[in-house]
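Chain residues, written in single-letter form:
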Amino acid sequence: MSQRFAIQTEGLGRVYQLKRKRGETAPKTLVALEGVDSEVKQGELFGLLGPNGAGKTTLIKILTTLLLPTSGRALVDGIDIVQDPQEVRRRINMVSGGETCGYGLLTVEENLWMFTQFYGLTDRVARERINEMLEVVGLSDRRKTKSHFLSTGMKQKMNFARGFLNDPQILFLDEPTLGLDVQTSRVLRDFVKRWVRERPGKTLLLTTHYMAEADELCDRVAIIDKGKILACDTPANLKRRLQRASIFKLQTTPLEMSNRFSDLPGVSKFIEHQRNGHTELNFILENENVLVKILDAVQAGGGHLLSLEKREPTLEDVFIDLVGRGFGDEETPLEVEK
Amino acid sequence: MKNFRRDLNIFLRTVRGRSYPRLIGMQREKSWIFFDTFLPLLATTAYVFIYRALNAPPEFTGFVVLGGAMTAYWLNVLWSMATQLYWEKETGNLSLYLIAPTSRMAILLGMALGGMAATTLRAVTVLLLGSLLFDVTFSVENWGALLLVFVLTLVALYGLGMIFASLFLLWGREAWHLAQLFQEPVFLISGFYFPVRNLGFWVSIGASIIPITFGLDAMRQLLYPQAQWGFLDVNIEIAVLALLSVLFLVLAHRMLLWMETLARREGRLTVRGQ
Ligand SMILES: Nc1ncnc2c1ncn2[C@@H]1O[C@H](COP(=O)(O)OP(=O)(O)O)[C@@H](O)[C@H]1O
Ligand SMILES: [Mg+2]
């Protein structure tokens, strides 16, 4: 495998042994990752998009040397993560969104300083980078605050700042904006983009289950579900798969006979949600003409149309098209857009 | 050579970095004044009055005060050092330590040194207060040996603490009960408040696996050279302490590497709430 790639995996897999429950004899296993082949180029901002439980964190843990794969192999910056984990660690850092770091009794500045020591930074370099990152995440005026007194969001920002202190070649961000407010998410995303653009050779792998985040940030996105990568391309190319399809969102009064829609000719994918007193139907249609039949079916089922919208394809539609179901019942926060 | 300098730099900085929160953090938490000095002092006072009521020789007072001061270290090892990795896991720090290109031993060493330094403040407070309150005088002849015994005791004790840290990480919550179980019996068999040899030869030998036992015994012999309460010859006790120091450090190192391998293989040890 060649050195041009920041990350390369070949048939990478991970099986977890689950704790045996009482009464069970055979040990249970869970396949969290299976046959993952991927190549992330140097300088790329690469996204791993998938619902909860897809295996994103597992992949990140393997690449950051926290977890051994049970099959396949992986190179980070050309170095085998199993053979030489310490060499890998010199080049990387990781931030998990929703996590914090350090000790409550230390100030923000002291906590960050502590982590720089694990990378052998001199105090001068450490101070410079801490100042720079505190500025970025907007915690400069809190540098002397004990982290214990910070709000959860501020603690997450401090942890985000930590990830950049050793100036890693390859940075792993595991759902970095998880639980953060819209404004903060915006700031962090902008910085992430700038960080990759302005520093040649820096690579960033980001996992997310926010479609819009992947779409907006990433040069390329791998869609992952149940431990397997289903597609990998630029967001534009991924959406281009649905170029010829028509995507409609309908809202109707509550309907019950919805599965009849799947049988209609010309309906490639169909997803239904019940939302506060109405039914929301999402269709991927082979062509627009099918819509007429759908509207007939709604009427025949005793429903009334409340709204109808034709959409441009999103990554969510790509996911629906690939796996035939939505991204779980979580609301994807659409306010992340623009 | 270049790599060696780089690694040494990271090692030393890691020790410094990780000792800092214990050094500073522990002093910022003011409750230590009560728990770590007042409580040992209280136990010490009780024993002083008992010995006085029994008309024990006056050296017994100094003897008990020393035991009280050393209590601070034992409490620190059992409640801070041992539980540290477990806490690091629960707060999410452990995985951040493990992804850093640093020696894991340096992290533990940092914790230990920080804890030791912070605890010394407590131990000295107990020693000074106790000595003032009860008019204690020592008659040290060999300061060098006393210092050696003290340092060896701490090295061995914190080495043991490092081993505990890995075990606690492995056993999680159950380890807490274990620590509780350990605390009182060790006060008894290590002779914090009375000469250990009163327990008989075999119990004393058994108790010597806890470095405090011989540490206290040797220090007391050196503080009161004329008193006749030592268990074994000071030189033998020093040799045993040196042996324990090496043994515990080597074992702690092994345990830590094993723990990391286990964590990477099973994927559970660094995960919160597991
Ligand atoms: N340590 C573990 N032991 C057993 N199962 C695990 C462990 N970690 C994760 N899993 C399981 O592996 C699957 C993938 O999890 P994860 O990688 O965390 O997904 P994601 O980050 O995409 O939400 C899930 O079904 C999860 O429950
Ligand atoms: Mg995850």
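As a reminder, the structure under discussion sits directly above these lines.
Calculation criteria
- Residues numbered from 1 in each chain as written.
- Chains lettered and ligands numbered in written order.
- Predicted model: local features only at pLDDT ≥ 70, side-chain atom pairs only at ≥ 80, totals over all residues.
- Heavy atoms only, no water.
- Near = heavy atom within 4 Å.
- Polar contact = N/O pair within 3.5 Å; in protein donor to acceptor, adjacent residues only side chain to side chain.
- Areas by Shrake-Rupley, 256 points an atom, 1.4 Å probe, with all protein chains shown as cover.
- Helix = DSSP H or I, 4+ residues; strand = E, 2+ residues; numbered from the N terminus.
- 1 Å grid on protein atoms, 1.4 Å probe; cavity = no way out; pocket = protein on both sides within 12 Å on 5 of 7 lines; lining within 4 Å.
- Points joined across faces, edges and corners; volume = space filled by probe spheres on them.
- Nonpolar A, V, L, I, M, F, W, Y, C, P; charged D, E, K, R; others polar.
- Pairing = 2+ DSSP bridges.
- Axes fitted to C-alpha atoms, helices over the stretch in contact; angles between N-to-C directions.
- Expected span 1.5 Å × (residues − 1).
- Buried < 20%, exposed > 50% of the residue type's maximum accessible area, 1.4 Å probe, protein only.
- Arc of directions from axis to C-beta.

Draft legend 1. Up close: the site of ligand 1. Neighbouring ligand 1 are 13 residues; G53, K56, T57 and T58 of chain A together with G267 of chain B lie closest to it. Note that an oxygen atom of ligand 1 is positioned 2.5 Å from one of the side-chain N or O atoms of T58 of chain A. G267 of chain B is positioned with one of its backbone polar atoms (N or O) 2.8 Å from a nitrogen atom of ligand 1. Protein burial of ligand 1: of its 560 Å² of free accessible surface, 73% is covered by the chains. Counting only elements with at least two residues in the shell around ligand 1, the list comes to β1 (5-18), β2 (28-41) and α1 (56-63) of chain A.

Draft legend 2. Representation of the layout of surface pockets in the model. Of the pockets and cavities examined, the largest pocket occupies roughly 1300 Å³. Contributing to the lining of the largest pocket are 44 residues, with R22, M26, E29, W79 and S80 of chain B lying nearest its centre. Counting residues per element, the ones that place at least two in the lining of the largest pocket are α5 (152-162) of chain A together with α1 (2-28), α2 (32-53), α3 (59-81), α4 (84-91), α6 (104-134) and α8 (174-189) of chain B. Its residues placed into classes, the lining of the largest pocket shows 20 nonpolar, 16 polar and eight charged.

Draft legend 3. Examining the sheet that holds strand β7 (residues 170-174) of chain A more closely. Residue and element names in this part refer to chain A. Spatial strand order, β6-β7-β8-β3-β9-β10: six strands in an open sheet with mixed pairing. Two strands bound the open sheet, and with one partner strand each, they are β6 (92-96) and β10 (228-233). Direction aside, neighbouring strands of the sheet carry axes that sit 15° apart on average. Here strand β9 (residues 220-225) runs beside β10; their pairing, made up of five bridges, is antiparallel. Each bridged residue has a counterpart across the sheet, and for A222 the counterpart in β10 is C232.

Draft legend 4. Summary view of helix α4 (residues 123-137) of chain A. Residues and elements named next belong to chain A. Compared with the 21 Å implied by 1.5 Å per residue over 15 residues, the 21 Å span of α4 between its first and last C-alpha is a close match. All of the buried residues in α4 are A126, I130, M133, L134, V136 and V137. Projected down its long axis, α4 carries its buried residues within an arc of 150°, all on one side. For α4, exposure combined with an orientation more than 90 degrees from the buried face picks out R124, R127 and E135. Two residues or fewer after α4 comes G138, characterised by a positive phi angle close to 75°.

Draft legend 5. Representation of empty space enclosed by the protein in the model. Counted by the stated rule, this structure contains four cavities of 30 Å³ or more. By volume, the largest cavity amounts to about 150 Å³. Lining the largest cavity we find 14 residues, and of these L85, L94, L98, R104 and L256 of chain B sit closest to its centre. Secondary structure elements with two or more residues in the lining of the largest cavity: α5 (93-98), α6 and α11 (234-266) of chain B. Broken down by element, the lining of the largest cavity gets its largest block of residues, four residues, from α11 of chain B. There is about 40 Å³ of room inside the second largest cavity. Taken together, I247, F248, K269, F270, I271, N282, F283, I284, R311, D317 and I320 of chain A make up the full set of residues lining the second largest cavity. Counting residues per element, the ones that place at least two in the lining of the second largest cavity are β11 (246-252), β12 (267-275), β13 (278-285) and α11 (315-323) of chain A. Class assignment for the residues of the lining of the second largest cavity results in seven nonpolar, one polar and three charged.

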